[in-house]
Amino acid sequence: MTAAKNDSFRPAVRRRVTGPVRLAASLVLAALAACASPPPQSPPATQPPNILFIMADDHAVQAVGAYGHALSRLAPTPNIDRIAAGGIVFRQSFVTNSLCGPSRAAMLTGKYGHINGFTRNGDAFDGSQPTWPRALKEAGYQTAVVGKWHINHTPKGLEFDHWQVFDDQGEYYNPTVLTAGTERIDEGYATDLVTSYALEWLEERRDPSRPFALLVHHKAPHRNWMPPLRYARRFENTKFPVPDTYFDDYAGRPAAAAQEMVVYRDMYEGHDLKMTTAVGSSELRYDRWPDHFGRMTDAQRAEWDAAYKARNDAMNAADLNVRDMALWKYQRYLQDYLATVAAVDDSVGALLDYLDANGLAADTLVVYTSDQGFFLGEHGWFDKRFMYEESLRTPLVMRLPGRIAPGSESQAMVMNIDYAPTFMALAGVGVPADVQGESLVPLFGGQVPADWRDAIYYQYFEYPGFHSVRPHYGVRSERYKLIRFYGDIEAWEFYDLERDPAETHNRADDPAYAREVLAMQAALGQLREQYRVPGERTN
């Protein structure tokens, strides 16, 4: 056996809260240290492929190298790009609802939230309904999930062979970890811990006689974007390009004007931006959830404060005007966000290295995605929720040697409800009749079947809620997008994505687009009927 090379993924248990500590150091060392025994044999060619499903939280397409955006050239993701180079990049990958829990439920079930019962964070997910991990387990797969869960409290009831998940959102440092019958705090950085859990499972628990489905769910790069200590200063001297829409005035878009997700106005200066109160002080400004920093050990906090001190002191001494402070906050946001992404990329590299070293790469579908996209300053925003492109799009790259040609790409419009039928198809499992997604297997060759969808449907429900994004639904075709906001803000928005890719000019009432608006309204009605969408509701 040859194990992963990166010592960052060796967690140390800090203290036990309840139950036995099962992450013994001997197990982790066995998973990560080289030994003399030969690698396990690859399963027979007739066996369905293993599935390694890696999902980040809030990873924007703009921050993935394979998608070619300017940000990713300054902050590359070489290991995620290894998946893309060895397989396929889906250039038009979308979510049904740009919110963590509902997106995860859609991935698990292959159905929209109004069908699977999970439309907003905090809903109760019916774990007894068909999901692709359960279907694969019933077909003989060994199944496991590690990392952030965020649907119900734990995956209990979904029949995983093994689960090891963070409590609630999880914290970046020294998170509380739940398994069946145990609860503990593990000392370390969340991304590295998730990686170690995945490697431990592959090394110590995997049954080589069976195909496996391992779900690796990262917390990063979710708010509040706390990098690992090794990357706390990685981008301190990098100047990231400011989006043209950073100071958007939201003209003609009343729902966009009413949100509360502006980087320079709505971010918490302490919690999110790690800003201190004065020159020479390590005391944070407003910190809404102090436990995130409070979980650090004294040694971790001292190293953290030292990494941020010079930059914070310079900011406090500069007495910046309003505009310059807004621009400073953008740079701090991107520095931290992209540093958390760098750690996720390390994790992907460690997992890929393990597959290579242990003879598993040729028989494993590797998937990298995010639960949704994210705003990185576009329209002045952070977070997601809106149907605008940065939130609606999500990265999706897949690698499966022998089935997907290296360097492939697809322009087909795909959705996160397509994951479940794809994995079921590869496993040779029948897809339930009520699954609303389509298998992506026909796209693996880079061609788009003639009957593939030419438009996608989206709906966001959570209002009132964080960031005050109003409920809305809409349709997106190759060129046009139509959005219907409803509730206390009644409005239509229409965009010509070819001429207005930044979505700043609402043409819903423009006579020059009257024919296109009517056509998109008809398409919207057809999709709502196809997906059995109930009438407008806000709660």
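Look up: the structure comes first, before these words.
Sequence order sets the numbering: in each chain, residues are counted from 1 along the sequence as written. Per-residue local features are limited, in this predicted model, to residues with pLDDT of at least 70; the limit for side-chain atom pairs, both in listing and counting, is 80 or more; totals at the level of whole chains, interfaces and linings are taken over all residues. Working from all heavy atoms in the structure, the side-chain values ignore hydrogens and water.

Quick look at helix 15 (residues 514-530)
The end-to-end C-alpha separation of helix 15 is 24 Å, in line with the 24 Å expected for 17 residues at 1.5 Å each. In this scheme, a residue with accessible area under 20% of its type's maximum is buried, one over 50% is exposed, and one in between is partly exposed, where area comes from a 1.4 Å probe on protein chains only. A run of H or I in DSSP counts as a helix once it spans at least four residues, and a run of E counts as a strand once it spans at least two, with each numbered from the N terminus. Taken together, the buried positions of helix 15 are V517, M520, A523, L524, L527 and R528. Along the long axis of helix 15, the arc covered by the buried residues comes to 135°, so they all point the same way. In helix 15, the exposed residues that point more than 90 degrees away from the buried face are R515, L518, Q526, E529 and Q530. Tucked inside the fold, the buried residues of helix 15 contact strand 12 (455-460), strand 13 (472-477), strand 14 (480-485) and strand 15 (491-496). At the exit of helix 15 stands R532, carrying a positive phi of roughly 55°. Expected span of a helix, by definition, is 1.5 Å for each gap between consecutive residues, and there is one gap fewer than residues. Arc definition: directions from the helix axis to the C-beta atoms. Any pair of residues with heavy atoms lying within 4.5 Å of one another is described as a contacting pair.

What about helix 14 (residues 419-427)?
Of all nine residues making up helix 14, eight are buried, and the element is well covered by its neighbours. Where helix 14 is concerned, the buried positions are Y419, A420, P421, T422, F423, M424, L426 and A427. With its phi angle positive at about 75°, G428 sits one or two positions after the end of helix 14.

Looking at unusual backbone geometry
Here the residue pair A220 and P221 is connected by a cis peptide bond, since its omega of -5° sits within 30 degrees of zero. Assignment of secondary structure puts P221 in the loop between strand 8 (212-217) and helix 8 (254-258). Notably, H150 is not glycine yet its phi reads approximately 70°, a positive angle. Its place among the elements puts H150 in the loop between strand 4 (142-147) and strand 5 (162-166). Of the residues examined, H150 reaches a relative accessible area of 14% and is grouped as buried. In this structure, D168 is a non-glycine residue whose phi angle is positive, near 55°. Exposure remark for D168: the relative accessible area of 48% places this residue in the partly exposed category.

Points about the packing of aromatic side chains
Any Phe, Tyr or Trp ring, taking Trp's six-membered ring, that has another such ring centre within 6.5 Å forms a pair; planes under 30 degrees apart are called stacked, those over 60 apart edge-to-face, and the others tilted. Here the structure, examined in full by the defined rule, presents 41 aromatic pairs. With a centroid separation of 5.0 Å and 75° between ring planes, the pair formed by Y246 and F247 is classed as edge-to-face. For Y246, a relative accessible area of 0% gives the class buried. A residue is classified by how much of its surface remains accessible, and F247, at 33% relative accessible area, is partly exposed. On the basis of an interplanar angle of 40° and a centroid distance of 5.4 Å, the ring pair of F247 and Y264 is categorised as tilted. Residue F247 is found in the loop between strand 8 and helix 8, and its partner Y264 is found in helix 9 (residues 263-266); the two are separated by 17 residues along the sequence.

Points about the environment of A84
Tracing the backbone shows A84 in helix 3 (residues 78-85). Counting along the chain gives 313 residues from A84 to V397, while the straight-line C-alpha distance between them is 5.4 Å. If sequence neighbours within four positions are ignored, A84 has contacts with A66, V89, V397 and G407.

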